Amino acid sequence: MVSMSGVQKHFGTHHVLKDIDLQIAPREVVVVVGPSGSGKSTLCRCINRLETISDGTISVDGVELPAEGKALAQLRAEVGMVFQSFNLFAHRTILDNVALAPITVLRQPKAEARRHAMELLERVGIADKAHQFPAQLSGGQQQRAAIARALAMKPKVMLFDEPTSALDPEMVSEVLDVMTDLAAEGMTMVVVTHEMGFARKAADRVIFMDDGRIVEQNSPAEFFDNASSPRAQAFLSKILSH
């Protein structure tokens, strides 16, 4: 579903992604972990070309990412993205936030888009907030609205870039529960997160990055219980000891 081959990314003289080769199968849930500054979020943002790559190729469902224009917009519509900050439109209701892209991008009839949006809000557990504005919702509720908004485009792949890191601790689980359900339903997902419990429970594969490279990748059980690289072992000993 997602293929990255020989991907390099530079920010000026800073080499952020180095020789990234990654294949993600349909319905696979890949969790990307690693220290801050290791390139995790940049990798995620390159998959839908929010960041342009310096070299290499990326394709989604067999189609190489176009450089720009309508073809890129069409491919982006097939790749849902949920950010650290919720990025909801403050002046629109939650229902309008979710229905907007299907109406404007997919040209769905308004009634159909709003009906589907309500179904998605039900699915993420906030149908009762449909006619409220983002500022009236908790952070966890806003992030669940953002997930519903991404799902409204019926994406082939969902990207999550540290979706819980801006949330209060008691709100984290309500977002992770929605993501775990999505994984169980067979959504192809790439998740950058510090939530190791989610990685252990929901991932098919855990990828460990350091200094712009994929250092190690394995099943959650193998990675957490038997990491092979000294760098991953050091990382896990720090985060799992508290």
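As annotated in an unreviewed UniProt entry, the chain is ABC-type polar-amino-acid transporter from Lacisediminihabitans changchengi. What UniProt records for the chain under Catalytic activity (unreviewed entry) is the sentence "a polar amino acid(out) + ATP + H2O = a polar amino acid(in) + ADP + phosphate + H(+)". According to UniProt, the comment filed for the chain under the heading Sequence similarities (unreviewed entry) is "Belongs to the ABC transporter superfamily."

Undergrad: Which parts of the structure should I look at to understand the overall build of the chain?
TA: The secondary structure content of the chain amounts to nine helices and 10 strands. In terms of overall dimensions, the chain is globule-like: its C-alpha atoms have a radius of gyration of 18 Å, near the 18 Å expected for 242 residues. Looking at the chain as a whole, 54% of its 242 residues qualify as buried. Contacts in the chain between residues far apart in sequence, at least 24 positions, make up 66% of those at least 6 positions apart. Side chains of the chain give 25 positive and 29 negative charges; the mean places of these two sets differ by 6 Å.

Undergrad: Honestly, the UniProt feature "domain: ABC transporter" (unreviewed entry) in the chain in this entry has me stumped. Any pointers?
TA: In the numbering adopted here, UniProt assigns the feature "domain: ABC transporter" (unreviewed entry) to residues 2-236. Taken end to end, residues 2-236 is 39% helix and 26% strand, and its first and last C-alpha atoms sit 27 Å apart.

Undergrad: Looking at this structure, how should I read the pairing of strand E8 (residues 188-192)?
TA: Moving residue by residue along a regular strand, the side chains alternate between the two faces of the sheet. Burial runs high along E8: five of the five residues are buried. Side chains Thr188, Val190 and Val192 of E8 all project onto a buried face; the interleaved residues Met189 and Val191 project onto the opposite face, where all are buried too. In this structure, strand E3 (residues 29-33) lies alongside E8, joined through four bridges in parallel fashion. Directly across from valine 32, in E8, lies its bridge partner valine 192. Handedness of the crossover joining strand E7 (residues 157-161) and E8 through helix H6 (residues 169-184): right-handed.

Undergrad: Explain the pattern of salt bridges here, please?
TA: Between side chains of opposite charge, a pair can form when the charged atoms approach closely. Counted according to the given criterion, the structure contains 12 salt bridges. For aspartate 61, the salt bridge goes to lysine 156, with nearest N and O atoms at 2.7 Å. Separated by 95 residues along the polypeptide, aspartate 61 in the loop between strand E4 (55-60) and strand E5 (63-64) and lysine 156 in the loop between helix H5 (139-151) and E7 bring together distant segments of the chain. On the accessibility criterion, lysine 156 (32% relative accessible area) is partly exposed.

Undergrad: Explain the sheet that holds strand E9 (residues 205-210) to me, please; I cannot follow it from the model alone.
TA: Strand pairs in the sheet, formed through backbone hydrogen bonds, run parallel or antiparallel to each other. What the six strands build is an open sheet, ordered E6-E7-E8-E3-E9-E10; its pairing is mixed. Each of the sheet's edge strands pairs with one partner strand only, and the pair in question is strand E6 (79-82) and strand E10 (213-218). Adjacent strand axes in the sheet meet at a mean angle of 20 degrees, parallel and antiparallel pairs treated alike. Pairing of E6 with E7, which is carried by four bridges, proceeds in the parallel orientation. Bridge pairing links valine 82 to phenylalanine 160 in E7. Its contacts with the sheet put H6 on E3, E7 and E8, and the angle it makes with E8 is roughly 145 degrees.

What counts and how
- Residues numbered from 1 in each chain as written.
- Predicted model: local features only at pLDDT ≥ 70, side-chain atom pairs only at ≥ 80, totals over all residues.
- Heavy atoms only, no water.
- UniProt positions renumbered as here; feature names shortened; annotations may be inferred.
- Helix = DSSP H or I, 4+ residues; strand = E, 2+ residues; numbered from the N terminus.
- Rg over C-alpha atoms; globule rule 2.2 N^0.38 Å.
- Buried < 20%, exposed > 50% of the residue type's maximum accessible area, 1.4 Å probe, protein only.
- Contact = heavy atoms within 4.5 Å.
- Lys, Arg positive; Asp, Glu negative; His and termini not counted.
- Charge placed at Lys NZ, Arg CZ, Asp CG, Glu CD.
- Pairing = 2+ DSSP bridges.
- Right-handed = clockwise from strand over helix to strand, strands pointing away.
- Salt bridge = Lys/Arg side-chain N within 4 Å of Asp/Glu carboxyl O.
- Axes fitted to C-alpha atoms, helices over the stretch in contact; angles between N-to-C directions.

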